[in-house]
Number of protein chains: 2
Amino acid sequence: MYEGAVQDLIDELGRLPGIGPKSAQRIAFHLLAADAEDARRLAEALTEVKLKVRFCEICGNVAESEQCRICQDPRRSVAVICVVEEAKDVVAIERTREFRGKYHVLGGAINPIDNVGPDDLRIKELLTRLADGAVQEVILAMDPNVEGEATATYLARMLGPMGLRVTRLASGLPVGGDLEYADEVTLGRAFEGRRVVGA
Amino acid sequence: MYEGAVQDLIDELGRLPGIGPKSAQRIAFHLLAADAEDARRLAEALTEVKLKVRFCEICGNVAESEQCRICQDPRRSVAVICVVEEAKDVVAIERTREFRGKYHVLGGAINPIDNVGPDDLRIKELLTRLADGAVQEVILAMDPNVEGEATATYLARMLGPMGLRVTRLASGLPVGGDLEYADEVTLGRAFEGRRVVGA
């Protein structure tokens, strides 16, 4: 519908996840009206990210050198590895400031529909990291959905015989949530995982 | 939270309209995982759009030369000008294939809250186009909201004494909509604008 360059930009924006044709159009017109400098900075950020960013050779997290900041940090415990699906999950957990060990990013979860099996995930790399016996606990922090559960179960069975402590994050009611609106599976998990409080 | 280049990209994406921090992160990770070629094409489209695209010197629509395709098209009537707020609106109207005249893009609507007055819109340019008497009808196709109504009223008063036919797009129930869910203003307009049907 538009002339060359505008339509090209709308098409390219429309390929991004979560950006439909209307949003792509809105963003393209925003950029048309914006300073040339703003558009240049975005174009540069895109180019830079592909040039500079790679994946940590140890844990698979995003990194700007061979190893990510967390793997390079000597203050972080090497005795605990938290296994997550994606690099985004590392950031989510870091934000809690609760965890001071290392991570391992699988690069997804087992998903037969998308044809993702255990061999497509960084499981071999995880086993290599566990070989020297320094790791005492592996925390399975997959997403609480079908694919995450399948991946966690697979890993738990594989790691079980290795004499490690294998744990999963607790399921339950989200803090600030409303019991009435919790789905029955979450509520069921909250019952299962109930804890003794008070004297 | 992220290392340099990833965070830079998330920040730049987050400046775009309708992209919150979560979407920016999702898009950044999508691009990290995508082919370098995909990211390059998007960066190029961004750069190209700022280099190539300008605004038509006649109507203010987006154009890749001094005049837009519609102003250059000799098959389009010069007797009718459809006045719209934004270049996006031109595309929306073109999609209907109902209109074969020319356009005039105001570049916004009168909005005291955002400090947009008549002088900030391309109204002087519209009056210049009407000077030679070739135009017989001006269709006011502003958005059916407060700012659009204010702009249309302002233009109608200004154009009224010029001996032109000044029209507005019909307001009423959207096709495919549900009467029950129409707001009272729309329903009121639909009553006002009711038409005789049948024999």
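Residues numbered from 1 in each chain as written. Chains lettered and ligands numbered in written order. Predicted model: local features only at pLDDT ≥ 70, side-chain atom pairs only at ≥ 80, totals over all residues. Heavy atoms only, no water.

The name an unreviewed UniProt entry gives chain A is Recombination protein RecR, with Sanguibacter inulinus as the organism. According to UniProt, the comment filed for chain A under the heading Function (unreviewed entry) is "May play a role in DNA repair. It seems to be involved in an RecBC-independent recombinational process of DNA repair. It may act with RecF and RecO." (UniProt positions renumbered as here; feature names shortened; annotations may be inferred.)

**Thoughts on unusual backbone geometry**
All names here are of chain A. Even without being a glycine, Arg97 presents a positive backbone phi close to 55°. Counting through the fold element by element, Arg97 comes out in the loop between helix H5 (87–96) and strand S4 (102–105). A relative accessible area of 76% means that Arg97 is categorised as exposed. (Helix = DSSP H or I, 4+ residues; strand = E, 2+ residues; numbered from the N terminus. Buried < 20%, exposed > 50% of the residue type's maximum accessible area, 1.4 Å probe, protein only.)

**Some remarks on the UniProt feature "zinc finger region: C4-type" (unreviewed entry) in chain A**
When the UniProt feature table is mapped onto this chain, "zinc finger region: C4-type" (unreviewed entry) is found at residues 56–71 of chain A. The span residues 56–71 of chain A shows a helical share of 19% and a strand share of 12%, and its end C-alpha atoms are spaced 8 Å apart.

**Details of the interface of chain B and chain A**
Listed per partner, the contact involves 50 residues of chain B and 49 residues of chain A. Together, the buried faces of chain B and chain A total about 4,700 Å²; carbon and sulfur atoms form 70% of this surface. On the surface where chain B and chain A come into contact, there are two salt bridges. Close ionic contact of Glu12 of chain A with Arg41 of chain B constitutes a salt bridge, the shortest N to O distance being 2.8 Å. Mapped onto the side of chain B that touches chain A, the elements with two or more residues apiece are helix H1 (4–14), helix H2 (21–33), helix H3 (36–52), strand S2 (62–63) and helix H5 (87–96) of chain B. At 13 residues, the largest contribution of residues to the side of chain B that touches chain A is made by H3 of chain B. Within the side of chain B that touches chain A, the residues separate by chemical class into 28 nonpolar, five polar and 17 charged. (Contact = heavy atoms within 4.5 Å. Buried area = accessible area lost by both parts, 1.4 Å probe. Salt bridge = Lys/Arg side-chain N within 4 Å of Asp/Glu carboxyl O. Nonpolar A, V, L, I, M, F, W, Y, C, P; charged D, E, K, R; others polar.)

**Points about H3 of chain B**
Helix length check: H3 of chain B (17 residues) gives 24 Å between terminal C-alpha atoms against 24 Å at 1.5 Å per residue, within 8%. In this structure, the buried side of H3 of chain B is in contact with helix H1 (4–14), helix H2 (21–33) and helix H3 (36–52) of chain A together with H2 of chain B. (Expected span 1.5 Å × (residues − 1).)

**Looking at the packing of H1 of chain B against H2 of chain B**
Residues and elements named next belong to chain B. The geometry of H1 relative to H2 is characterised by a closest axis approach of 8 Å and an angle of 130° between their N-to-C directions. Here H1 is positioned oblique relative to H2, judged by the angle of their axes. Considering how the two elements wind past one another, H1 and H2 form a crossing that is right-handed. Of the residues in H2, those touching H1 at Val6, Leu9, Ile10, Leu13 and Gly14 are Ala24, Gln25, Ile27, Ala28, Leu31 and Leu32. Its residues placed into classes, the contact of H1 with H2 shows nine nonpolar, two polar and no charged. (Axes fitted to C-alpha atoms, helices over the stretch in contact; angles between N-to-C directions. Parallel < 35°, antiparallel > 145°, perpendicular 65-115°, else oblique. Left-handed = near helix turned anticlockwise from the far one by under 90°.)

**Quick look at the environment of Arg189 of chain A**
Residues and elements named next belong to chain A. Its place among the elements puts Arg189 in helix H8 (residues 184–192). In this structure Arg189 comes out as partly exposed when scored by relative accessible area, which is 28%. Distance from Arg189 to Lys22, taken between C-alpha atoms, is 40 Å for residues 167 residues apart in sequence.

**Points about the UniProt feature "domain: Toprim" (unreviewed entry) in chain A**
Mapped onto the present numbering, the UniProt feature "domain: Toprim" (unreviewed entry) falls on residues 79–174 of chain A. From the first C-alpha to the last, residues 79–174 of chain A spans 29 Å; its make-up is 33% helix and 18% strand.

**Structural notes on the sheet that holds strand S5 (residues 137–140) of chain A**
Residues and elements named next belong to chain A. Spatially, four strands are ordered S4-S3-S5-S6 in an open sheet, and the strand pairing comes out parallel. Both outer strands of the open sheet, S4 and strand S6 (165–168), are each paired with one neighbouring strand and no more. Shown here is a sheet whose adjacent strand axes are inclined to one another by a mean of 25°, direction ignored. As judged from the four bridges shared by strand S3 (residues 80–84) and S5, these two strands associate in the parallel manner. Bridge assignment links Val80 to a residue of S5, and that residue is Glu137. Sheet contacts for helix H6 (residues 123–130): S3, S4 and S5; angle to S4, the most-contacted strand, approximately 150°. Running over the sheet, helix H7 (residues 146–159) touches S3, S5 and S6 and is turned about 165° from S5. (Pairing = 2+ DSSP bridges.)

**So, the relation of the copies chain B and chain A**
Expressed as a screw transformation, the operator carrying chain B onto chain A has a rotation angle of 180° and an axial translation of 0.0 Å, and the superposed copies differ by an RMSD of 0.1 Å. Both chain copies can therefore be described as sitting about a two-fold axis. Identified as the residue of chain B closest to the rotation axis by C-alpha distance is Ala43 of chain B, at 2.2 Å. Both copies share a contact surface, since 98% of the interface residues of chain B are interface residues in chain A too. (Least-squares fit on C-alpha atoms with pLDDT ≥ 70 in both.)

**What to know about the pattern of salt bridges**
Residue and element names in this part refer to chain A. Using the criterion set out here, one finds 22 salt bridges over all chains in the structure. Between Arg40 and Glu37 there is a salt bridge, and its shortest N-O distance comes to 2.8 Å. With Arg40 and Glu37 both in helix H3 and three residues apart, the pair spans about one turn of that helix. Accessibility expressed as a relative area gives 39% for Arg40, which makes it partly exposed. Its relative accessible area of 38% is what places Glu37 among the partly exposed residues.

**So, the layout of surface pockets**
Residue and element names in this part refer to chain A. Here the largest pocket defines a volume of roughly 980 Å³. Along the wall of the largest pocket there are 30 residues; nearest its centre are Arg168, Leu169, Ala170, Ser171 and Gly172. If you list the elements that add at least two residues to the lining of the largest pocket, you get H5, S5 and H8. Grouping the constituent residues of the lining of the largest pocket by class yields 16 nonpolar, five polar and nine charged. Taken together, domain 2 (76–168) and domain 3 (171–199) each give at least three residues to the lining of the largest pocket, which thus spans both. When its volume is computed, the second largest pocket comes out at roughly 850 Å³. (1 Å grid on protein atoms, 1.4 Å probe; cavity = no way out; pocket = protein on both sides within 12 Å on 5 of 7 lines; lining within 4 Å. Points joined across faces, edges and corners; volume = space filled by probe spheres on them. Domains from an automatic or database assignment.)

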